[in-house]
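The chain contents come next:
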Amino acid sequence: MTVQQLQPVAHHSAPQIKFGTDGWRAIIAEDFTFANARLVANAIARYVIRSEDARKGVIIGYDHRFASDTVAAAVAGVITASGTPVWLTDKPCPTPAVSLLVRQRHAAGGIVITASHNPYRWNGIKYKASYGSSALPSIVAQIEQELELAQHRDTSALPPRKDLLHSSDPRAPYLNALEKLVDWDRLRKANFRFVADPMHGSSAGLLRELFTRHNIHCEEIRGTHDPRFGGAHPEPIEPHVQPLRDAVLAGKYDAGFCADGDGDRIGAIDCDGSFLNPHQLFALLVWHLAGTRNLPGDVAKTFSVTKLIDKIAAKFGRTLHEVPIGFKYICELMLERNILAGGEESGGFGTSLYLPERDATVSALFLAELMAWHGKSLGQLLAGLHSEFGEYHYGRIDLDVQPEQKQKAIAQFSDSAFTHILEWPITRRENMDGVKVYLGDIGWVMVRASGTENLLRVYSETSRRETTNQVLAAVTHIVHQL
């Protein structure tokens, strides 16, 4: 693929560019073209001028994907043409580094050229609001309105204003901010050895740099700039974490931490090669911040996150807020009140100690600090939680279905006449986001229709791994019969 392939192609009708909370994503050289990237940039520029203080400027960063740097330069040209100053990063950086710069410089907003954890054929544009995190629904609505206008009018480009374009180093201020978050003396004395796995993404070198500064042993794998991500999806879940598992076991490391393509989602491997899922990591983080460190603040989680969080929050006397799925709802709460820790099912966690934003490197630092505080592995710490609060085994599958099947499944699980799954009675229902049904005292299962794809997402959590698998299999069978 060449940069020329990103140039606009003839369309009989303009593609529908949908700008969501985390921005817009599309397949490179199909809908992700320079022309469409400029359309999105134009909409953001108009939003900034109308609703923010444009004189404060916009921070623009980019990830390791194909031509992200070139697209970032084109987007910067559109923003400066509107009379808005731009600080364009001089190297790739994780999304939260742009969020931090927006906050530190009191900028009007931030733009990141990234498709996050999507496969390498995708790229996208994220917008970060002036408070340093994902755009609230009200901001998204305004940008989408501007985008709708931009797609149906002649927007003859004004020339870029080179006098308004500035270069910015994103990594130094980011590392300096993160250095203040944890107890480095305690970490150093624990003498743990870690592996960092940025999955060829834009957080490459960062965790290793922080640990090395403080004489803590940390190796890095998959740290090279590879737009194809080594042939794997840059998403820190199984099976994509296998190289990290191999490295941890081969080097007898105490833990391995991996980040997605733009560095805001985390995954982890224990010293015995076990993968810790996001629910388990979030539970450990809440237990550490609210319990071990006894820091003030509430806890927030999305609707699909483990019930273990409820028990940990109750133990430490913390108010628990449950919100619909999407970090935007966590962010909204973090802007309104003191949320010590907020997390979602996909591995994105935020804390009041830093930003109302997900950050894999920050999460890794806190998990390493937790290990150092107790002198235990992640697996041992998780076993301690299970011993105290009971076991929680989570699973999720995505079913490829037709639109009418999605509707039928939601209707089926909402119907009070639907009373059992296998031998387990349905004792309660919740419908905050999808439909969650409780199966007596063994756990719950939830169905939720994707708004953008022909997928039905099925989530379940029970007290035994085998039971969770049975429930997921039973629901899959039910849906396929609809």
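Residues numbered from 1 in each chain as written. Predicted model: local features only at pLDDT ≥ 70, side-chain atom pairs only at ≥ 80, totals over all residues. Heavy atoms only, no water.

Undergrad: Can you lay out the overall build of the protein for me, pointing to particular residues and giving the numbers?
TA: Looking only at helices and strands, the protein features 15 helices and 21 strands. Here the C-alpha radius of gyration of the protein, 23 Å, is about what a compact globule of 482 residues would show, namely 23 Å. Scored against the burial criterion, the 482 residues of the protein give a buried share of 59%. When contacts within the protein are restricted to residue pairs at least 6 apart in sequence, long-range pairs at least 24 apart make up 69% of them. A distance of 3 Å separates the average location of the 50 positive side-chain charges in the protein from that of its 54 negative side-chain charges. (Helix = DSSP H or I, 4+ residues; strand = E, 2+ residues; numbered from the N terminus. Rg over C-alpha atoms; globule rule 2.2 N^0.38 Å. Buried < 20%, exposed > 50% of the residue type's maximum accessible area, 1.4 Å probe, protein only. Contact = heavy atoms within 4.5 Å. Lys, Arg positive; Asp, Glu negative; His and termini not counted. Charge placed at Lys NZ, Arg CZ, Asp CG, Glu CD.)

Undergrad: Pulling in residues and values, what's your account of empty space enclosed by the protein?
TA: One pass over the structure, following the stated rule, counts 3 cavities of 30 Å³ or more. As a volume, the largest cavity reaches approximately 100 Å³. In terms of lining, the largest cavity is formed by 15 residues, of which the most central are Ser203, Leu207, Phe257, Ala259 and Thr361. For the lining of the largest cavity, the residue count by class is 10 nonpolar, 3 polar and 2 charged. Counted as a void, the second largest cavity has a volume near 80 Å³. Looking at the second largest cavity, it is lined by 13 residues, and the ones nearest its centre are Leu285, Phe349, Gly350, Thr351 and Ser363. In terms of residue class, the lining of the second largest cavity is made up of 8 nonpolar, 3 polar and 2 charged. (1 Å grid on protein atoms, 1.4 Å probe; cavity = no way out; pocket = protein on both sides within 12 Å on 5 of 7 lines; lining within 4 Å. Points joined across faces, edges and corners; volume = space filled by probe spheres on them. Nonpolar A, V, L, I, M, F, W, Y, C, P; charged D, E, K, R; others polar.)

Undergrad: Explain the pattern of salt bridges to me, and be specific about the residues and the numbers.
TA: A complete count under the given rule lists 32 salt bridges for this structure. Here lysine 18 and glutamate 144 are joined by a salt bridge, their closest N and O atoms 3.6 Å apart. With lysine 18 in the segment before β1 (24-27) and glutamate 144 in helix α4 (residues 137-150), this pair connects stretches of sequence that are 126 residues apart. The class for lysine 18 is exposed, based on a relative accessible area of 55%. Here glutamate 144 falls in the partly exposed class, since its relative accessible area comes to 24%. Between glutamate 388 and lysine 315 there is a salt bridge whose closest N-O contact spans 2.9 Å. Here glutamate 388, found in helix α13 (residues 378-389), pairs with lysine 315, found in helix α10 (residues 308-315); they are 73 residues apart in sequence, far enough to count as distant. (Salt bridge = Lys/Arg side-chain N within 4 Å of Asp/Glu carboxyl O.)

Undergrad: A description of the environment of glycine 124 should follow, citing residues and the corresponding values.
TA: Secondary-structure assignment places glycine 124 in strand β5 (residues 122-128). Spatially, the C-alpha atoms of glycine 124 and valine 71 are 9.8 Å apart, while their sequence positions differ by 53 residues. Not counting chain neighbours up to four residues away, the residues in contact with glycine 124 comprise Trp24, Arg25, Phe32, Val112, Ile113, Thr114 and Ala115.

Undergrad: For unusual backbone geometry, give the residues involved together with the corresponding values.
TA: Here glutamate 238 and proline 239 are connected by a cis peptide whose omega angle stands at 5°. Following the sequence through the fold, proline 239 ends up in the loop between β8 (217-220) and α8 (242-251). For asparagine 294, which is not glycine, the phi torsion reads 50° and is therefore positive. Taking the relative accessible area as the measure of exposure, asparagine 294 reaches 56% and is therefore exposed. In the Ramachandran plot, leucine 422 falls in the positive-phi region, its phi being about 55° despite a non-glycine side chain. Considering the arrangement of structural elements, one finds leucine 422 in the loop between β17 (420-421) and β18 (424-430). Classification of leucine 422 as partly exposed rests on a relative accessible area of 47%.

Undergrad: Can you tell me about the packing of aromatic side chains, naming the residues and giving the values?
TA: The geometry of an aromatic ring pair comes down to the distance between the two centres and the angle between the two planes. A complete count under the given rule lists 9 aromatic pairs for this structure. Ring geometry for tryptophan 184 versus phenylalanine 211: centroids 6.2 Å apart, planes at 80°, classification edge-to-face. With tryptophan 184 in helix α6 (residues 184-190) and phenylalanine 211 in helix α7 (residues 206-213), this residue pair connects regions lying 27 residues apart in the sequence. Each member of the aromatic cluster is reached from another via a ring pair, and the members are Trp184, Phe192, Phe194, Phe211 and Phe257. Over the face of the ring belonging to tryptophan 373 we find arginine 186, whose NZ or CZ atom lies 3.7 Å from the ring centre. (Phe/Tyr/Trp six-rings, centres within 6.5 Å; stacked < 30°, edge-to-face > 60°. Lys NZ or Arg CZ within 6 Å of the ring centre and 35° of its normal.)

Undergrad: Could you give an account of the sheet that holds strand β2 (residues 58-62), naming the residues involved and the relevant values?
TA: With mixed pairing, 6 strands are arranged side by side in an open sheet as β1-β5-β4-β2-β3-β6. The open sheet has two free edges, formed respectively by β1 and β6 (165-168), since each of these has just one partner strand. On average, each strand axis in the sheet is inclined to that of its neighbour by 20°, with strand direction left out of account. Sheet contacts for helix α1 (residues 34-51): β1, β2, β4 (109-113) and β5; angle to β5, the most-contacted strand, approximately 5°. Against the sheet, helix α3 (residues 95-104) contacts β2, β4, β5 and β6, and its axis sits at roughly 165° relative to β4. (Pairing = 2+ DSSP bridges. Axes fitted to C-alpha atoms, helices over the stretch in contact; angles between N-to-C directions.)

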